[in-house]
Amino acid sequence: KTQQQALEILKDALNNATAAASGAASSDMCQRASLRGNVAMTLGDVYARRLALADKLAAITADIGQVYTELDRAGDVPASIGVLAQTYMPDAQSQRKDAQDAYQAALDAYKRAASAVSRREDSWAYQAQIGVAAMALYRQTKDASHLQEARDAMARALAGKEASPYLADVAAMQKGLEAQ
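Residues numbered from 1 in each chain as written. Predicted model: local features only at pLDDT ≥ 70, side-chain atom pairs only at ≥ 80, totals over all residues. Heavy atoms only, no water.

1. Examining the overall build of the protein chain
Moving on, step 1. Along the protein chain, the regular secondary structure elements total seven helices and zero strands.
Moving on, step 2. Walking the protein chain from its N terminus toward its C terminus, one meets helices and strands in the order α-α-α-α-α-α-α.
Moving on, step 3. By residue count, 37% of the 180 residues in the protein chain fall in the buried class.
Moving on, step 4. For the protein chain, restricting intrachain contacts to residue pairs at least 6 apart in sequence, the fraction spanning at least 24 positions comes to 66%.
Moving on, step 5. Summed over all atoms, the accessible surface of the protein chain reaches about 10400 Å², with 53% contributed by carbon and sulfur. (Helix = DSSP H or I, 4+ residues; strand = E, 2+ residues; numbered from the N terminus. Buried < 20%, exposed > 50% of the residue type's maximum accessible area, 1.4 Å probe, protein only. Contact = heavy atoms within 4.5 Å. Areas by Shrake-Rupley, 256 points an atom, 1.4 Å probe, with all protein chains shown as cover.)

2. Thoughts on the pattern of salt bridges
Oppositely charged side chains are able to pair whenever their charged atoms sit close together.
Moving on, step 1. All chains considered together, the criterion is met by two salt bridges.
Moving on, step 2. One salt bridge connects Asp 101 with Lys 97, and the closest N-O pair in it is separated by 2.9 Å. With Asp 101 and Lys 97 both in helix α4 (residues 92-116) and four residues apart, this pair spans about one turn of that helix.
Moving on, step 3. Owing to a relative accessible area of 46%, Lys 97 belongs among the partly exposed residues under this scheme.
Moving on, step 4. We note a salt bridge from Lys 111 to Glu 149, for which the minimum N-O separation is 2.6 Å. Of this pair, Lys 111 sits in helix α4 while Glu 149 sits in helix α6 (residues 144-158), and the two are 38 residues apart along the sequence.
Moving on, step 5. We classify Lys 111 as partly exposed; its relative accessible area is 36%. (Salt bridge = Lys/Arg side-chain N within 4 Å of Asp/Glu carboxyl O.)

3. Quick notes on unusual backbone geometry
Moving on, step 1. Look at Lys 142: it is not a glycine, yet its phi comes out positive at around 60 degrees.
Moving on, step 2. Examined against the element boundaries, Lys 142 turns out to sit in the loop between α5 (124-141) and α6.
Moving on, step 3. For Lys 142, a relative accessible area of 57% translates into the label exposed.

Shown next, in the form of structure tokens:
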């Protein structure tokens, strides 16, 4: 129940950030859109982690069943194993859709922030955020267009700033994207 309450709080924060962004000045718009993107990324990460947990619990449940089968005691698998599987494993399809929706919302928010920047040379941070969100979306969908979007955004973020120590994480992520 605590996880569900945390998700509801994040959803409320996302809605509040969206409401606050409407009618804001350009610089405020950038910051608010970025904040909305950050909240959406966090929400997407929560869904993605829950999905990963569900996968791990499914594997553990299968392993336990296999052990009982190998011991010729397949009928003796404790009922708590079934309860574990049903109680703690969220619906994977629903979790994946929620994660995709949240990452898409983050991507859209970061794009709005980047487009609202008054000086193009200041948009590198938003371009990096676009790259991170596109990569997260790629990991959930396996859609190659998101991978390419991540690569392009990272290249825009680093353009002319490749040696900047402030962008070392962005450069490292770009190298990782090139390997994909």
